[in-house]
Structures are given as structure tokens and as C-alpha cells.
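# Fold and contact review
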Amino acid sequence: MGLNKTLLASIIASMGGGSSPPPSSKTFSVTLSGITGATPSSVSATVTIYPTPIIPRFSVNGTSSATGVSPFYVHCDASETLATTLTNYPFHNLLYRWRFGDEDGSTWQQGTEAGNESKNEAWGPVSAHVYWTAGSKTITLDVFGWNDSGVMFTDTISKTITVTAQDTVFAADTVYVSDTGPVAGVDGVPVGANVATVTTAANFNTALATYKRVFVRAGRTFNLGGSINFPNTTNGGVFTKYGSGANPMFIMSTDASPCVLNTVNGWRIYDVDFDDNGTYGANKNPFTLTAGSNHLIARSNVLACRIGIGSEDVTGLCIYECDVTGMYDDTGAREPGIGLFPSRTTRLAILGTNAYDSPITHVARVQGVKSGVISHSRFAKAGPTRNALSVREWTTTGFDNGGQSTHDVYQSCNIVDNSERGGYALYCGPQSVNHLGYLENVIAERNYCAGSELYPANFAVANYASIRHNIFRTRYSYAIGLGLGGNAAGSPPSVGIWVYNNTAYKPDVALSTHFSFVSLTDAGLASDVRISNNLIYAPGNTSDGATNGTEATLLTNGGTSPGVENTDYFLASNSSTAQINGVRPWASATPTAYADYTPSVYGVSGGADVGSRIDFFGDLLTGARDLGAINV
Amino acid sequence: MTTVTIGGRTADTYPGVLDTVIQQSNPTATSGSVDRFQVSLAVAGQERKSLLQFTGLSNITGPVSVSSVVISLFRLNNVTAPNRLINCKKILRSATEAGASWNNYAAATPWQTAGALGALDIDNTVLATGTIPSTGNQRFTVSGAGLTALVQDVINGVVSNPWLILEVATATVESGDFDIASTQRSTESQRPYMEVTFTPLTANASMPSVDCTKFDGSVTVTVFLDAPAPVGGVSGTVNTADITATAGVDYTAQTGVAFSIPVGSASGTITIPILPG
């Protein structure tokens, strides 16, 4: 049994973490004096010697620290952490554990399955959290690394941030609004509060021109007839509900985006819902964000739309526990709908969100995202040949090298193409051929990816991708595709693609009788491609994914230059062909819950080194490496 | 911002211009002492190119930020003819005023390809352009961003001061073989000069603090300059002192260690051994 997080925490505690820099670090000064040829005559620096091979570093909302008003979204990025004697790829090969110091002890739902991961904790080099209450909060980052002998090192850094209560900032700038005369002291409106009667977008704009915090009465419906244009105010503002009952419903009664945030900063919009009133409109996009920074959209539901939540050129956006459904089909001249469409957005977080059923195109299309984290969310039922979650570079027209997606983490999501419409569930790669924009430093881990009539996942990442501890369930001929030779024509070939400790399962031969775990395309153009420690089970298949041979296999080479093992790609300690076709490696004949995939046989490999030590359920791997996503 | 001129006129800030012409029609001829030169292709196979070197740039002390460089030349012959476009490029040879000819860049030292055409002779990047005017007895200028950058690098000691070559922009034969006054011209006001506009920079040094681990073997501290090191470079002495670390246990002490940043560079590094502790 792997070391669980409780034991891991005890290790952390015993190592005395919690301050910055750690108490056991040492310092000395360096002085250059008697300078000639420049000023001043003397300069000095301090050298800090850390006691472990790890130098932990992180930023909060892009700065060394941060303060904000509740609910406060913090984005934490540890990609500056160094461990040069352990790894050249700290983003991928170190283990990052965040503790947010929040009293919120609730847990995430993991896709459609009840989860057990605390919201007060996160794993990975990029993370995010929302503080719903005010106070002084300490964010603690524990970083773990291992040397070639398997010896573990850890170091810790903490930062304290201040979350200010809304009433402290907005007490004099608050209004309670409803469509039927709100009265101070009644229905949740405090005595002495400012009140206003509003029915349309114009009324809301008037309220927002005067007040930074607008409370909308719960359970009421507003036919907007236009857009609410959120203004730029100091400390942003708050737009949410008051009183008991369902979220207030905003009806897009005309063809306009109800929430427009153009070059504004720091808005918190939560507990409000949107619907199109049953009529199509090309501009019925509940949230349209352009430029600006540090917005939180939380606990909002979209019932029908063209683009549920869209952003462009935004720095800092958190989509938290939202539910977006009912995207448009292309009936008549309708523009197909997308649930989530963040583009060229830095510091993006999509947490605990559900986006479901885009009849024609992608459910979520994420393009040009830097330092993003998507976790504990569900993306399902894409359109024909489209993706439940599509991660791409941003490309406008032709060749465009300005919109790479970099340093992004996609974890603990439920990504499913259950539409039987023939698209990838998860796609990471270029927009299309002949684009120079590309993805790099991508981590896809601990996701459940299920495909229907195509791969559960396809990766065409240019530089450095870790695909680990995922469960891939497929009915198609492959579990994952690796487009390595140019990632589609015109893009750079892949460097550093590491596929390890994944579980793949093809339960039946109804759709095809051939299967390979990986479809490896043009590996001869790629370098440092490692496929190891994967647990694969595909009973009853009579040929490989390309209909060659007599049984399912680990790998099918494709393309024009498939490459040579141990030269262009490396295989180690994966399921053997006999295992792929052999005894079921877990107990359940019909695995459905994630725990059903816990291996009972073939569970331990020969010990090939892997870069991460945490499994699908967050258990730490130690000693010999287990096969598959779940540690035993 | 300061503007100086380098030329052979009394009014110029600094002296120091060398010039000559090389002639395809007379490939062994040297013309360093002649009071005029030409940039022309008036007859097929008889191209003329001019070489100039502004040695007076050495009088400007770097580091500087150069915003403008203009070479001013005086066309002599007052005969109307079409404008002629000319290019200015950098010569890669250490030419001499007295020895340069179509065949040689210095006495008895041939170009790789006669006429300064070889890859070892010339950098064919166009640094500046100019137009010889259609009528004479007037000045014209040669300028361009490449020339400005080159002069800045010369003053700041990043590169040595090269010879420049002026040549026709196209191989099309055009009538007219107009003379341009050289430094040897008796009428002083007609002599060539270079006008340089620059802002003196004083390099400010900084040395950010750094982190390392006791497993790293060494740590590198970098000294940054916000402008290139001037002529003579930047120098100083490195010393370390314990704060909570102990020399000899955690790191190797540095005492009176000489440090330098060469002219033209913007940074230098100090490497200090880190001990396992």
C-alpha cells in the first residue's frame, strides 16, 4: 500500500516546514567593492543555502503575495521552483502539495463521482483556491523530490495573505435590488440598507454606476433586454444574490450578453443563473470577458447559451462550481454553442465545474492559456468529431506564434465523450495543421477519460507533457494518440513526452476487435518519449489498433516515420501483450467507480523510474513502482 | 544628448577621417592622397567604390547610447545627371589608406576577391544608404539604423572600428562619374565628416541575491550592468562574509578575489564553491 496523505503530512510536520525560507537554510554575503568603471563603488548580495536539493518558490496571483476581498480567488504558481540536482524538469518531476489554511473543510466532487479530496488542499505546480471568508490565510507549499536512488527530499515555503470582509470594503457602496420594491428590513434586506427596484439591464447598469456591491433578490426573474456592463471600480465589486431561495434568474430576452466585463478588474459574480428564454441568439453569451484581470465567476448556472463563459486577453479568471448546459445546435443558421471558451487567458482556473452537452462542437475549448489549472470538473458529450475538453494554442489566422498554451495542469476531471458522435474526449494540441502555435509544459493527471467512438485522449504537445495516473476507458481502437512528429504539419516536433502510470481499459469488442494502448505517430521526429508503468486490459481483441497481428498490443506506430524503440521512444514496465489480452487485472467484471480499477494482479512493475509519486487517489508511491493509475 | 562631428574641418569636434577610392578600371591604383573619390558605375566593368574610416570615433568615451549617425559628403562636379543611390557596408579587412586598391586591401595584401567582393572582405548587410544628388556643389548624406548601431558598438568597445565602403546600390550602368571631396580636399568646408548624436551612459552595477542548495556544488552570483562596460572595463574585488552560514563548512570564503567585466559586456559572474556542510 502506498504512503497515504496522512502519513505524508506527518513527514512534512516532522521536517519542520512552515516558514520562508526554512529555518535550517543558511546565508552569507558577497560583496564586490572598489568598483571602477561603474557605480556605485560597492554592491552586495546575500546567498541563501537551502538544506535540501529543493528551492521552493511560488507566486500568488502573479505577485509575491496578494490581498483581496472575499470571496477571494488566489492562483498559485510554483513553476519557479528549482531542484537542479534532482531534475531538469521541476514542473513535471517534483511533487507539489498546497495547503491553503482555509477553514473550509469540504471536498470536491470528482467529476460525476463523489470525491474525497479536500478543497483546502491541492496537488500540482499550479493550483487555485477561493477563500469565501475573511481573515489572515497562510498558503503553504510542500515540494517533494527524489534522487536517482529514490531518496525523498522535501522543502516548504509559506506565504500569508489577507482576505478582507466584503462589509469592510463595500458597506457604504451596497444596494439591494429586486423587481418588486425591496424594503429595508424585509426579506433579508438589512435595516437602513440602500434599495432599488430593477427590472432591466439598464436598471442594473444604473445601480452598478452607483454601488460596488449589488445584491439581487433570490428566486426572482429578470428579463434583461440588454447587457449589464460591469464598471471598473477599486477592488472590483460583488454581484450576487440575497435572501433565501434559488439563484436569481437572468433571462436573455434580447440577443445580448448579459454580463459584459470589458477591461475591468476584480469582479466577483456568483449565485446568479442565466437562460435564453427558449429563443436563439448569436450573442446570448452569459459571460463575455475581454481584457481585465482577477475575476471570479462562481456557483452560477447557465441553462442555454451560445458561449457560456468566454474570455479573451484576461489575466486571472476563476470559474468555480458553475454548471453550463444547453449549448446551441446548428438548427437553421444557428451558431453552435460552446460551454466554456477561455482564450488567451493567463492564470485561468476552472474548478469543480460541469459543462455538458454541446450538440455540434466542443463542450469546453481552452486556447492560449498560460499557467492554468482545470481540476475536479466534468466535461461531457461533445458534438460530432469534437472534444469534451479541447486544449489548444490560440491561433487567429494562418501562422501565429503568439498564443501558446504553457504551464497548464489538467487534473482530477471527468472527461467523457459519451455522445457516440466520434470525437476525442480530451484533446491537447494545435488548432490545426500549419500553425506554429503549440502547447508546452502540460500535465494531464488523475483524470478519468472515456471515449466513445474515438480516442479517450489525444496529445500533440510540442515540449514536455506528463500524462500520468489517468484512467482511459475506450471503445475505440486506441486509448490515447500521441502525435509527435510535428504535432500536425507545420508545428514543432515533440520533445519530452512522458506517459506513465496510466490505466487503460477497453471493455468490449462491440465497436472494434482491434486495440493498442498508444497510437504513436511519427515518433522518429520526436525525442525523449517515454511510455512506462501503464496497466492495460483489452480482452477479446484479435488484432492491434491497426488491424495487424492476432491480438491487442501496447503500441501501434503510425504516420510516415514511426521511429525506433530506444532511439526515438522508450518503453519500460508496461503491461505485456499477454497481460493486455489476459487475466482481468482488477476484481470487478464491470468497473464503474474509480476504485473498481484498483489492480489485483499485474500490479507491480520491475521498478522503472517515474517522475511523479502520487496516484489517482492522491496516495504517494514509494519503493517499487506500481503499474497503472491506482497504487496498490 | 550630445552631437559631435568627426572630420577634417577646423570646425569638427574631433579629427580623424581616412578615405580612398578603388577603381576596377585601374586595379592596382592607390588613391589615398587624392583630394576626391567616386562611387559610380558609369562604364560597364569600371566600377568605383570608396573606402572611409572614421578613426576619430576613438575620442568619444563610452558607454553611450547613439541615436543618430550621419555621414556628410560634398559632391563636386556641377553637372546635371540622375540621382544615384549608394549603399554603405562594413569592410572586414584592416585596409590602409595608402595601400588599398581594387586588387589589395593593403599594400601587397589582396582582397579575397578583387573589388572587396569576397565573403572575407565585406559584410554585405546594408548599414546605411544615401543619394548622390543630380546637381553638384552641394552636400548629401548617408545614414541608416545599421550604421547607428555599428557606431554605438564601436564607441562602446563591442567591436573594433571598421572601414566602411560606399558602392552603387544597383549594377545598372548610369552616366556620370561624379567626384566627391575627400579629406585631402584643399577647400576645407568640402571635406567629409560624420555627425554622431549620443547620450552618455554611466553603467550602474547591481548584484541580486541568489538561492542555492547545499547539494549544488557551487553558486553563481551575477553582477549586472545597465549599460555596457566602458573602455577599460569594470573591475572590483570580491569578499564574502558569514551571516548564518560558516565559511569552510558551508561554502568556500572569497577574500580579495579580483573581478572584472570586459569592455562592452553587460554582466559578469562570481562562482563560489558550496560545501556539503
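Residues numbered from 1 in each chain as written. Chains lettered and ligands numbered in written order. Predicted model: local features only at pLDDT ≥ 70, side-chain atom pairs only at ≥ 80, totals over all residues. Heavy atoms only, no water.

### Side note on the overall build of chain A
As a reminder, the rule being used: Numbering of helices and strands runs from the N terminus; a helix is a DSSP stretch of H or I covering at least four residues, while a strand is a stretch of E covering at least two. For the exposure calls, accessible area comes from a 1.4 Å probe over protein chains only, and a residue counts as buried if that area is under 20% of its type's maximum, exposed if over 50%, partly exposed in between. By the convention used here, residues are in contact when the closest approach between their heavy atoms is within 4.5 Å. For the accessible areas, the method is Shrake-Rupley and the probe is 1.4 Å, while residue cover comes only from the protein chains on display.
When helices and strands are counted, chain A shows 5 helices and 51 strands. Counting over 632 residues, chain A shows a buried share of 59%. Contacts in chain A between residues far apart in sequence, at least 24 positions, make up 71% of those at least 6 positions apart. Looking at chain A as shown, the accessible area adds up to about 20500 Å², and 50% of this sits on carbon and sulfur atoms.

### Observations concerning the overall build of chain B
In plain terms, the rule: Charge counting treats Lys and Arg as positive and Asp and Glu as negative, with His and both chain ends excluded. A charged residue contributes its charge at one atom only: NZ of Lys, CZ of Arg, CG of Asp or CD of Glu.
Of regular secondary structure, chain B possesses 1 helix and 19 strands. Over its C-alpha atoms, taken along the principal directions, chain B stretches across nearly 80 × 40 × 30 Å. For chain B, with 277 residues in total, the buried portion stands at 48%. Look at the contacts in chain B between residues 6 or more apart in sequence, and 74% of them connect residues 24 or more apart. Only carbon and sulfur atoms are counted for the fraction: they give 51% of the accessible area of chain B, which is about 11500 Å². Placing the 13 positive and 19 negative side-chain charges of chain B at their respective mean positions leaves the two points 12 Å apart.

### Some details on the pattern of salt bridges
All names here are of chain A. Short version of the rule: By salt bridge we mean one thing: a side-chain nitrogen of Lys or Arg within 4 Å of a carboxyl oxygen of Asp or Glu.
For the structure on display, the rule yields 27 salt bridges over all chains. Of the charged contacts in the structure, one is a salt bridge between Asp142 and Arg97, with a shortest N-O distance of 3.8 Å. Of this pair, Asp142 sits in strand E11 (residues 135-146) while Arg97 is found in strand E6 (residues 95-99), placing the two residues 45 residues apart along the sequence. Overall, Asp142 belongs to the buried group, its relative accessible area being 0%. Salt bridges linked by common partners bring Arg97, Arg99, Glu121 and Asp142 together as one network.

### Structural notes on unusual backbone geometry
Here A:Thr39 and A:Pro40 are connected by a cis peptide whose omega angle stands at -10°. Inspection of the secondary structure assignment puts A:Pro40 in the loop between strand E1 (26-36) and strand E2 (43-50). In the segment running from B:Gly62 into B:Pro63, the intervening peptide bond is cis, with an omega of 0°. Relative to the helices and strands, B:Pro63 resides in the loop between strand E4 (48-53) and strand E5 (64-75). One non-glycine residue, A:Thr547, adopts positive backbone phi at about 65°. For A:Thr547, the position within the fold is in the loop between strand E49 (535-537) and strand E50 (553-558).

### Points about the sheet that holds strand E19 (residues 267-273) of chain B
Residues and elements named next belong to chain B. Short version of the rule: Strands are labelled as partners when DSSP assigns at least two bridges between them.
Judged by pairing direction, the sheet is antiparallel, and its 3 strands sit side by side in the order E14-E16-E19 without closing on themselves. Single-partner strands in this sheet number two, and they are strand E14 (205-206) and E19. Examined bridge by bridge, strand E16 (residues 218-225) and E19 share 7 bridges and lie antiparallel to one another. Bridge assignment links Val221 to a residue of E19, and that residue is Ile270.

### Description of helix H1 (residues 145-155) of chain B
Residues and elements named next belong to chain B. Our working definition: In this description, one arc is meant: the one made by directions from the helix axis to the C-beta atoms.
What H1 keeps buried is the set Leu147, Thr148, Leu150, Val151, Val154 and Ile155. All buried residues of H1 lie within an arc of 165° about the axis, which places them on one face of the element. Where H1 is buried, its residues meet E5, strand E6 (84-91), strand E9 (122-132), strand E10 (138-143), strand E11 (164-168) and strand E13 (193-200).

### Digging into the nonpolar core
Generally speaking, a soluble globular protein has its nonpolar side chains buried in company with each other. All names here are of chain A. Just so we agree on the cut-off: Buried Ala, Val, Leu, Ile, Met, Phe, Trp, Tyr and Cys residues form a nonpolar core when they are joined through side-chain atoms within 4.5 Å.
Ranked by size, the top nonpolar core spans 87 residues in total, and within it Phe204, Phe239, Phe250, Phe379, Ile480, Leu482 and Phe517 carry the most contacts. At 4 residues, helix H4 (residues 201-210) tops the list of elements feeding residues into this core. Beyond its immediate sequence surroundings of up to four residues, Phe517 is in contact with Phe472, Tyr478, Ala479, Ile480, Val499, Asn502, Ala504, Ile531, Asn534, Ile536, Thr553 and Leu554.

### Focus: the sheet that holds E6(A)
Residue and element names in this part refer to chain A. The cut-off we apply is this: Note on method: axes are straight lines fitted to C-alpha atoms, helices fitted across the in-contact stretch only, with angles between N-to-C directions ranging 0 to 180 degrees.
Strand order in the open sheet formed by 5 strands is E4-E12-E11-E6-E9, and the pairing between neighbours is mixed. Of all the strands in the sheet, just strand E4 (67-69) and strand E9 (121-123) have a single pairing partner and so form its edges. Adjacent strand axes in the sheet meet at a mean angle of 25° when their direction is disregarded. Both E6 and E9 contribute to a ladder of 3 bridges, which runs antiparallel. Counted as the bridge partner of Arg99 is Glu121 from E9.

### Looking at the packing of aromatic side chains
Describing an aromatic ring pair means giving the distance of the ring centres and the angle of the ring planes. Residue and element names in this part refer to chain A. This is how the line gets drawn: Paired rings are identified among Phe, Tyr and Trp, the last through its six-membered ring, by centres lying within 6.5 Å, and are further divided according to the angle between planes into stacked (under 30 degrees), edge-to-face (over 60) and tilted (the rest).
Counted according to the given criterion, the structure contains 36 aromatic pairs over all chains. Aromatic side chains Tyr424 and Tyr455 sit 5.2 Å apart centroid to centroid with 70° between the ring planes, which places their arrangement in the edge-to-face category. Residue Tyr424 is found in the loop between strand E37 (414-416) and strand E38 (426-429), and its partner Tyr455 is found in the loop between strand E40 (448-450) and strand E41 (457-459); the two are separated by 31 residues along the sequence. Here Tyr455 falls in the buried class, since its relative accessible area comes to 11%.

### Details of the interface of chain A and chain B
Spelled out, the test is: Summed over both partners, the accessible surface that disappears when two parts come together, traced with a 1.4 Å probe, is what is meant by buried area.
Taken together, the contact pairs 33 residues of chain A with 39 residues of chain B. Buried area between chain A and chain B, both sides added, is near 2800 Å², and the carbon and sulfur share of it is 59%. Taken together, chain A and chain B are joined by 2 salt bridges. A:Arg57 is the salt-bridge partner of B:Asp211, the closest N and O atoms lying 3.2 Å from each other.

### Quick look at the pairing of strand E39 (residues 439-445) of chain A
All names here are of chain A. Counting buried residues in E39 gives 7 out of 7 residues, a clear majority hidden from the surface. Sheet topology note: the E39/strand E42 (residues 463-468) ladder contains 5 bridges and is parallel. Within E42, the position partnered with Glu440 by the bridge is Asn463.

### Section: the confidence of the model for chain A
Applicable threshold: A score from 0 to 100, pLDDT tells how confident the predictor is in each residue.
Looking at chain A, the pLDDT average stands at 88 and 90% of residues meet or exceed 70. Confidence drops under pLDDT 50 across residues 397-401 of chain A; counting only partners more than four residues distant or on other chains, this segment forms 12 contacts.

### Here we look at H4(A)
Residue and element names in this part refer to chain A. Burial in H4 covers these residues: Ala201, Phe204, Ala207 and Leu208. In a view along the axis of H4, the buried residues occupy a sector of 115°, so they form one face of it. Turned more than 90 degrees from where H4 packs its buried face, Thr206 and Ala209 sit exposed.

### Points about the state of the cysteines
What is meant by a disulfide is a covalent connection between two cysteines, made through their sulfur atoms. Residue and element names in this part refer to chain A. Worth spelling out the cut-off: A pair of sulfur atoms, both from cysteines and within 2.5 Å, is called a disulfide here.
Under the criterion given, the structure shown has 0 disulfides over all chains. No disulfide involves Cys305; its sulfur sits 12 Å from the nearest other cysteine sulfur, which is in Cys322. For Cys305, a relative accessible area of 0% translates into the label buried. This cysteine, Cys322, is not joined by any disulfide, and Cys318 carries the nearest cysteine sulfur, 8.4 Å off. Assessed through its relative accessible area of 3%, Cys322 is described here as buried.

### Some words on the side chain of A:Asp77
All names here are of chain A. So the rule is basically this: What qualifies as a polar contact is a pair of N or O atoms within 3.5 Å, subject to a donor-acceptor requirement within protein and to the restriction that residues adjacent in sequence count only when both atoms come from side chains.
Relative to the helices and strands, Asp77 is located in strand E5 (residues 72-77). Here Asp77 occupies a buried position and makes no salt bridge, while the nearest side chain of opposite charge, Arg347, is found at 7.9 Å. There is a polar contact of 2.6 Å between the side chain of Asp77 and the side chain of Ser79. Those residues in contact with Asp77, other than ones at most four positions away along the chain, are Arg57, Phe58, Ser59, Trp98, Pro125, Val126 and Ser371.

### Notes on the environment of A:Asp619
When you line up the elements, A:Asp619 lands in the segment after helix H5 (577-581). For the pair A:Asp619 and A:Ile630, spaced 11 residues apart in the sequence, the C-alpha separation amounts to 8.4 Å.

### A look at the confidence of the model for chain B
When the pLDDT values of chain B are averaged, the result is 94; 100% of them are 70 or greater. ipTM for the predicted complex: 0.74, alongside a pTM of 0.79.

### A closer look at the environment of A:Thr346
Residue and element names in this part refer to chain A. Structurally, the position occupied by Thr346 is in strand E30 (residues 346-351). Judged by relative accessible area, which is 27%, Thr346 ranks as partly exposed. Separated by 140 residues in sequence, Thr346 and Thr206 place their C-alpha atoms 31 Å apart. The residues touching Thr346, leaving out its near neighbours within four places in the chain, are Val314, Thr315, Gly316, Leu317 and Lys370.

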